[in-house]
Amino acid sequence: MPAESSARTVLEHLIGEHQGERDLWTDLVDAGDVVDEHGRKITSRTPYQPTRFVYFYREPAPEIPVPHEIEILYRDDSILVIDKPHFLATIPRGAHIVESAVVRLRRDLDLPDLAPVHRLDRMTAGVIVFTVTPDLRRPYQELFAEQRIVKEYEAIAGFDQELTFPRTVLSRINKVHGEMTATEIDGEPNSETSIDLIEVITDSAGRTLGRYRLLPRTGRTHQLRLHLNSLGVPIVGDNYYPEYLPAVPGDFSTPLRLLARALEYPDPITGQTRRFVSSRTLDAGL
């Protein structure tokens, strides 16, 4: 708020600065959606405060609801473990704000400090761990930073009878900020995935596909998608590899057949081994 102003209250200043939006600012203040820099609610009577800052909660643009529910696998006073559906973002990003797991859960469970320890991209389903209180975020995040988490994924992808399994794929993945896809380039590997073929299956169109178990040792962007694609067996439903196809808003008919099946780790507080397993199933689809 400028040092020079004739406004007597914060609300008067906001209305004066944004002509024609009196009702908007009055409604925001009445709803408690305008706060000072300490998080205290601004009222219609709050005196003008020169050189100080006020913040307001912007109403996001309408979003197409993701028609899938979040399943809670485990909950206590420290952590919340969920089974995330396909198409739901983990955290607010881009056009997906309200339709994200963290916003849904904070609202539905009244857990304002809930935060994910790790993330799954919007198209990947499966197990995610959240901390309930801020003091636990660091010890849980350190588990991932120190690679003490065993992550198991499942995918349905193409099948090539010339490929032998199990096998380990190593490559150098490069992701340029602002570009939708990542690439594998020459150089020292920075990604590693162990892959095994669980079974050979046939979809309704008669295509022969494989169900794979993937154990990533690293967590590069799109690592699992890239590693299967590099073998010539891209994941079913992948609109990024081998060719990027922009998603159609509101189309939930073709999920990426990739699932974070299980997480196992030593609890940073108790030392007890914890393992959480998704109850979701991947089908080959059409």
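Check the entry above for the structure.
Structural notes, computed from the coordinates. Per-chain numbering applies: the sequence of each chain, read as written, is numbered from 1 onward. Per-residue local features are limited, in this predicted model, to residues with pLDDT of at least 70; the limit for side-chain atom pairs, both in listing and counting, is 80 or more; totals at the level of whole chains, interfaces and linings are taken over all residues. To get the side-chain values, take all heavy atoms of the structure and skip hydrogens and water.

Some details on the pattern of salt bridges
Spelled out, the test is: Note on definitions: salt bridges are taken to be side-chain nitrogens of Lys or Arg within 4 Å of carboxyl oxygens of Asp or Glu. By definition, any uninterrupted DSSP run of H or I lasting at least four residues is a helix, any uninterrupted run of E lasting at least two residues is a strand, and each is numbered from the N terminus.
Counted under the stated rule, the structure contains 19 salt bridges. Note that Arg225 is salt-bridged to Asp121, the shortest N-O span being 3.4 Å. With Arg225 in helix H5 (residues 223-230) and Asp121 in the loop between strand E5 (115-116) and strand E6 (125-131), this residue pair connects regions lying 104 residues apart in the sequence. Where Arg275 meets Glu264, a salt bridge forms, and the shortest distance between an N and an O atom there is 3.3 Å.

Observations regarding the side chain of Glu99
Put simply, the rule reads: Exposure is judged per residue with a 1.4 Å probe applied to protein chains only, and the accessible area is read against the type maximum: over 50% gives exposed, under 20% gives buried, and values in between give partly exposed. Each polar contact in these results corresponds to two N or O atoms within 3.5 Å; when the atoms are within protein, one needs to be able to donate a hydrogen and the other to accept it, and residues that are neighboring in sequence are counted only if both atoms are side-chain atoms. Note on contacts: a residue pair is in contact if any heavy atoms of the two residues lie within 4.5 Å.
Tracing the backbone shows Glu99 in the loop between strand E4 (79-84) and helix H3 (101-109). Relative accessible area serves as the criterion here: at 10%, Glu99 is assigned to the buried category. Only 2.8 Å separates the side chain of Glu99 from the side chain of Arg104, close enough to count as a polar contact. Once you skip the residues sitting within four places of it in the chain, Glu99 turns out to touch Glu63, Ile64, Pro65, Val66, Leu88, Ala89 and Arg104.

Some details on the environment of Ile185
Relative to the helices and strands, Ile185 is located in strand E9 (residues 183-185). Note: C-alpha distance between Ile185 and Arg172 (13 residues apart in sequence) is 5.6 Å. Setting aside its immediate chain neighbours within four residues, Ile185 contacts Arg172 and Asn174.

Digging into the side chain of His13
Residue position: His13 is located in helix H1 (residues 10-17). Those residues in contact with His13, other than ones at most four positions away along the chain, are Met1, Pro2, Ser5, Ala7 and Tyr48.

Description of the layout of surface pockets
To be explicit about the condition: Buried and open spaces are told apart on a 1 Å grid over the protein atoms alone, a cavity being a set of points where a 1.4 Å probe fits but cannot get out and a pocket being an open set with protein on both sides within 12 Å along at least five of seven lines. Residues with an atom within 4 Å of a point are the lining residues. Grid points are joined across faces, edges and corners, and a volume is the space filled by probe spheres set on the points. Any residue that is not Ala, Val, Leu, Ile, Met, Phe, Trp, Tyr, Cys, Pro, Asp, Glu, Lys or Arg is counted as polar, Gly included; the first ten are nonpolar and the last four charged.
Of the pockets and cavities examined, the second largest pocket occupies roughly 260 Å³. Lining the second largest pocket are Tyr57, Arg58, Glu59, Pro60, Ile97, Val98, Val103 and Arg107. Here the residues of the lining of the second largest pocket sort into five nonpolar, no polar and three charged.

What about the pairing of E6?
What counts here: Pairing between strands requires that DSSP locate at least two bridges from one strand to the other.
Along E6, seven of the seven residues are buried, which leaves the element largely enclosed by surrounding structure. Bridge count for E4 against E6 is six bridges, and the pairing is antiparallel. Looking across to E6, one finds that Leu80 is bridged to Phe130. Looking at chain direction, E5 and E6 are connected through two bridges and run antiparallel. Within E6, the position partnered with Ala115 by the bridge is Thr131. Here E6 pairs with strand E12 (residues 258-266) via two bridges, running parallel. By the bridge assignment, Gly126 is partnered in E12 with Ala260.

Here's the deal with helix H2 (residues 22-30)
How we decide: Working note: the arc is built from the helix axis to C-beta atom directions.
Residues of H2 that are buried: Trp25, Leu28 and Val29. Down the axis of H2, the sector holding all buried residues measures 95°, keeping them to one side. Facing away from the buried surface of H2 by more than 90 degrees, the exposed residues are Asp23, Asp27 and Asp30. Buried residues along H2 sit against H1, strand E1 (34-36) and strand E2 (54-56). Just downstream of H2, Gly32 is the residue with a positive phi angle, here 80°.

Let's talk about H5
Buried residues dominate H5, accounting for six of its eight residues. Restricting attention to buried positions, one finds in H5 the residues Gln223, Leu224, Arg225, Leu226, His227 and Leu228. Positioned one or two residues after H5, Gly232 has a phi angle of 85°, which is positive.

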